[in-house]
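# Tertiary structure, described
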Protein chains: 2
Amino acid sequence: MQTGEVVTIVHGERELMERTAHLMASATDVACAANDLATWARAQASGELAEAMRIRRPGDVRIRKVYRSALLLDPVAAQGLARDRDRHGAQVRITSDEINETIILDRRLVVLAGDVRAGQRSYSVITQRETVQGVTSLFEAAWRSATELDVYDNRIAEIRQLAPQVLDLLSQGVKDETAARTLGLGVRTYRRRVAELMDALGAGSRFQAGVRARELGLV
Amino acid sequence: MQTGEVVTIVHGERELMERTAHLMASATDVACAANDLATWARAQASGELAEAMRIRRPGDVRIRKVYRSALLLDPVAAQGLARDRDRHGAQVRITSDEINETIILDRRLVVLAGDVRAGQRSYSVITQRETVQGVTSLFEAAWRSATELDVYDNRIAEIRQLAPQVLDLLSQGVKDETAARTLGLGVRTYRRRVAELMDALGAGSRFQAGVRARELGLV
DNA sequence: GCCGGAGCGGCAACAACCTGCCATCGCCGC
DNA sequence: GCGGCGATGGCAGGTTGTTGCCGCTCCGGC
């Protein structure tokens, strides 16, 4: 593994950390996109990095994170986000678009998550200037179009309450009419809930929503 | 754990096996309903039971199994079923209804699968005559309405071929019109495929189908 | 009491989906 | 060749889901 290469593929978070931990610890501009809390979790939890971060004052380092909206449907995950934000002074935003898991350090190094093989996720570590700029630009666009955590959180606060029941009914194959009455709602309102749910899941069809909901363990 | 009780709750397959392995080994009429191959798999694989079964001649013991149709969408699982049947001379049928996982031994003892807690599934072991008769009667009804494995397998043979692509398109939220043309099919035929798929998954709505498909790891 | 905003739920128009029907076509077996 | 069989895909008519619109009610502020 030569350090001079512009693109390196590493396997597993451990290897990734070995390569990048020191960079993360010293970075002053961290941008991050993720679909769930698990992905970079170990990164943050593991020893020296968290250490290094704690030493800094807020303001020393700019941390921006974009998460998928579906994450907020899980109360536990939602809490995790808020805690994460408060602890590291990170800015957290929410998008309903599909995002590839990404880390950008100081606009100079990019880590892209690849697919999982043999239980280990592979990562592309990129230092090539043009590519990094391109990815950064994409991230900036996503960042601009994303919604501040607080704002989004308020918006779906009550969705989250009703979500379990709605998902339950949907996954039983109950018709809207019946489901609405079961919940003591009008059909229009029930469908509003379903639409919001699908929006939060980033799903364009109910089938897709079903898949996503199951992926997130919400059903 | 007193042996005189009519209903006993046991936790985990290990405990279940300790209680019932000797009965299974000597039973001459085994009826079984399951949603996947995993459930009673360990039971069959583990030592003495499999041993005991191998010793018998086909004809000595009548083994009937009912599985859910969704299982056949997974080629690997479908193979597993056929192998299982050939090896033990079991009769295998397929139903598209929801079934609770059940074993009935010689019409005298019933095992009902319960929910999973702390990683272990609980089982109700029942010997009470009336209950056993009731459950047996239910099983017989399910058995009669179920379809012979071969017949069902032929029926969905080509569905299984197309299923991955259809599921892929569905899970991308692609509209039927587009999806059909992508596959070089008419909309009518595409929808026919989707309907068959949903039937095989035992789903009454596309949302439900999405959930099931994800559960089975088909998407 | 009055106002404004937010949520609800009926209505309606439209899009999407589901299904029965049937003409058509290719593929056998005769 | 011919008739039967199964798959196809267009069409039609029905059901279900999606969305904008609007009047209604409830509430908090004034």
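For the structure, check the block above.
Moving on, we come to the overall build of chain A. Scanning chain A from terminus to terminus reveals ten helices and eight strands. Within the span of chain A, comprising 219 residues, buried residues form 47% of the whole. Nonlocal contacts in chain A, meaning residues at least 24 apart in sequence, comprise 68% of its contacts between residues at least 6 apart. As displayed, chain A has an accessible area near 11300 Å², and 48% of this comes from carbon and sulfur atoms.

Listed as interface residues are 18 residues of chain A and, on the opposing side, 18 residues of chain B. Around 1400 Å² of area is buried between chain A and chain B when both sides are counted, 69% of it from carbon and sulfur atoms. Looking only at chain A, the three residues that lose the most surface to chain B are Phe-207, Val-211 and Arg-214 of chain A, adding up to 42% of its buried area. Applying the counting criterion to the chain A and chain B interface returns two salt bridges. The salt bridge involving Arg-214 of chain B is made with Glu-215 of chain A; its shortest N-O contact spans 3.1 Å. Counting the contacts that link chain A with chain B gives four residue pairs in polar contact (both at pLDDT 80 or more). Within the residue set of the side of chain A that touches chain B, elements represented by two or more residues are α7 (157–171) and α10 (206–215) of chain A. Ranked by the residues each element gives to the side of chain A that touches chain B, the list is headed by α10 of chain A, at nine residues. Looking at the side of chain A that touches chain B, its residues break down into seven nonpolar, seven polar and four charged.

The next point concerns the environment of Val-7 of chain A. Residue and element names in this part refer to chain A. Along the polypeptide, Val-7 turns up in strand β1 (residues 7–11). For Val-7, a relative accessible area of 40% gives the class partly exposed. For the pair formed by Val-7 and Leu-109, sequence separation is 102 residues and the distance between their alpha carbons is 10.0 Å. Residues in contact with Val-7, not counting those within four places in the same chain, are Val-125 and Ile-126.

What follows concerns the pattern of salt bridges. Residue and element names in this part refer to chain A. By the definition in use, this model includes 24 salt bridges over all chains. A salt bridge links Asp-153 to Arg-160, with the nearest nitrogen and oxygen atoms 3.1 Å apart. For Arg-160, a relative accessible area of 16% puts it in the buried group. Taken together, the salt bridges that share partners define one network made up of Asp-29, Arg-64, Arg-107 and Glu-140.

This part is about the relation of the copies chain A and chain B. The two copies are related by a screw operation: chain A maps onto chain B through 180° of rotation and 0.1 Å of translation along the axis, at an RMSD of 0.1 Å. What the rotation and shift describe, once combined, is the action of a two-fold rotation axis. Taken together, the interface assignments show that 100% of the residues at the interface of chain A recur at the interface of chain B, consistent with an identical surface on both copies.

For the rest of this paragraph, the subject is the protein's contact with DNA strand D. Around DNA strand D, the surrounding shell holds 13 residues, and the nearest of these are Arg-188, Arg-191 and Arg-206 of chain A together with Arg-192 and Arg-193 of chain B. Near the protein, within 4 Å, the atoms of DNA strand D are sugar or phosphate in 48% of cases. A distance of 2.6 Å separates a base oxygen of DNA strand D from a polar side-chain atom of Arg-188 of chain A. Contributions of two or more residues to the surface near DNA strand D are made by α9 (187–201) of chain A together with α9 (187–200) of chain B.

Residues and elements named next belong to chain A. Taken together, the side chains of Val-6, Val-7 and Ile-9 define a hydrophobic patch exposed on the protein surface, amounting to about 230 Å² of accessible area. Along the chain, the position of Val-6 falls in the segment before β1. Taking the relative accessible area as the measure of exposure, Val-6 reaches 42% and is therefore partly exposed.

Tracing the backbone through its elements, the reader meets Gln-161 of chain A in helix α7. When the C-alpha positions of Gln-161 of chain A and Pro-75 of chain A are compared, they lie 9.2 Å apart, and in sequence the two are 86 residues distant.

Another aspect to go through is helix α1 (residues 12–26) of chain B. Residues and elements named next belong to chain B. With 15 residues, α1 should reach 21 Å at 1.5 Å per residue; the first-to-last C-alpha distance of 22 Å fits that figure. At Thr-20, α1 shows its maximal bend, which comes to roughly 55°. For α1, the full list of buried residues reads Gly-12, Glu-13, Leu-16, Met-17, Arg-19, Thr-20, Ala-21, Met-24 and Ala-25.

Residue and element names in this part refer to chain B. One open sheet holds the eight strands; their spatial order is β1-β7-β6-β5-β2-β3-β4-β8, and the pairing between them is mixed. Of all strands in the sheet, those bounded by a partner on one side alone are β1 (7–11) and β8 (147–148). Pairing geometry for strand β5 (residues 102–105) and strand β6 (residues 109–117), over four bridges, is antiparallel. Paired with Thr-102 across the two strands is Leu-112, which belongs to β6. Sitting on the sheet, helix α4 (residues 75–88) touches β3 (62–68) and β4 (91–95), and the angle it makes with β3 is about 175°. On the sheet, helix α5 (residues 129–145) packs against β2 (29–34), β3, β4, β5, β6, β7 (120–126) and β8 and is oriented at approximately 70° with respect to β3.

The next point concerns the protein's contact with DNA strand C. Around DNA strand C, the structure places 15 residues, and the nearest of them are Thr-189, Arg-192 and Arg-193 of chain A together with Arg-188 and Arg-206 of chain B. In the environment of DNA strand C, a phosphate oxygen lies 3.0 Å from a nitrogen or oxygen atom belonging to the side chain of Thr-189 of chain A. One nitrogen or oxygen atom from the side chain of Asp-176 of chain B is found 3.3 Å from a phosphate oxygen belonging to DNA strand C. Listed by contribution, the elements that provide at least two residues to the surface near DNA strand C are α9 of chain A together with α9 of chain B. Of the residues forming the surface near DNA strand C, the biggest block, five residues, is contributed by α9 of chain B. Considering only residue class, the surface near DNA strand C consists of three nonpolar, two polar and ten charged.

Reading guide: rules and limits
- Residues numbered from 1 in each chain as written.
- Chains lettered and ligands numbered in written order.
- Predicted model: local features only at pLDDT ≥ 70, side-chain atom pairs only at ≥ 80, totals over all residues.
- Heavy atoms only, no water.
- Helix = DSSP H or I, 4+ residues; strand = E, 2+ residues; numbered from the N terminus.
- Buried < 20%, exposed > 50% of the residue type's maximum accessible area, 1.4 Å probe, protein only.
- Contact = heavy atoms within 4.5 Å.
- Areas by Shrake-Rupley, 256 points an atom, 1.4 Å probe, with all protein chains shown as cover.
- Buried area = accessible area lost by both parts, 1.4 Å probe.
- Salt bridge = Lys/Arg side-chain N within 4 Å of Asp/Glu carboxyl O.
- Polar contact = N/O pair within 3.5 Å; in protein donor to acceptor, adjacent residues only side chain to side chain.
- Nonpolar A, V, L, I, M, F, W, Y, C, P; charged D, E, K, R; others polar.
- Least-squares fit on C-alpha atoms with pLDDT ≥ 70 in both.
- Near = heavy atom within 4 Å.
- Patch = residues over 30% accessible without salt bridge, like charges linked within 9 Å, V, L, I, M, F, W, Y side chains within 5 Å.
- Expected span 1.5 Å × (residues − 1).
- Bend = angle between axes of the 7 residues up to and from the residue.
- Pairing = 2+ DSSP bridges.
- Axes fitted to C-alpha atoms, helices over the stretch in contact; angles between N-to-C directions.

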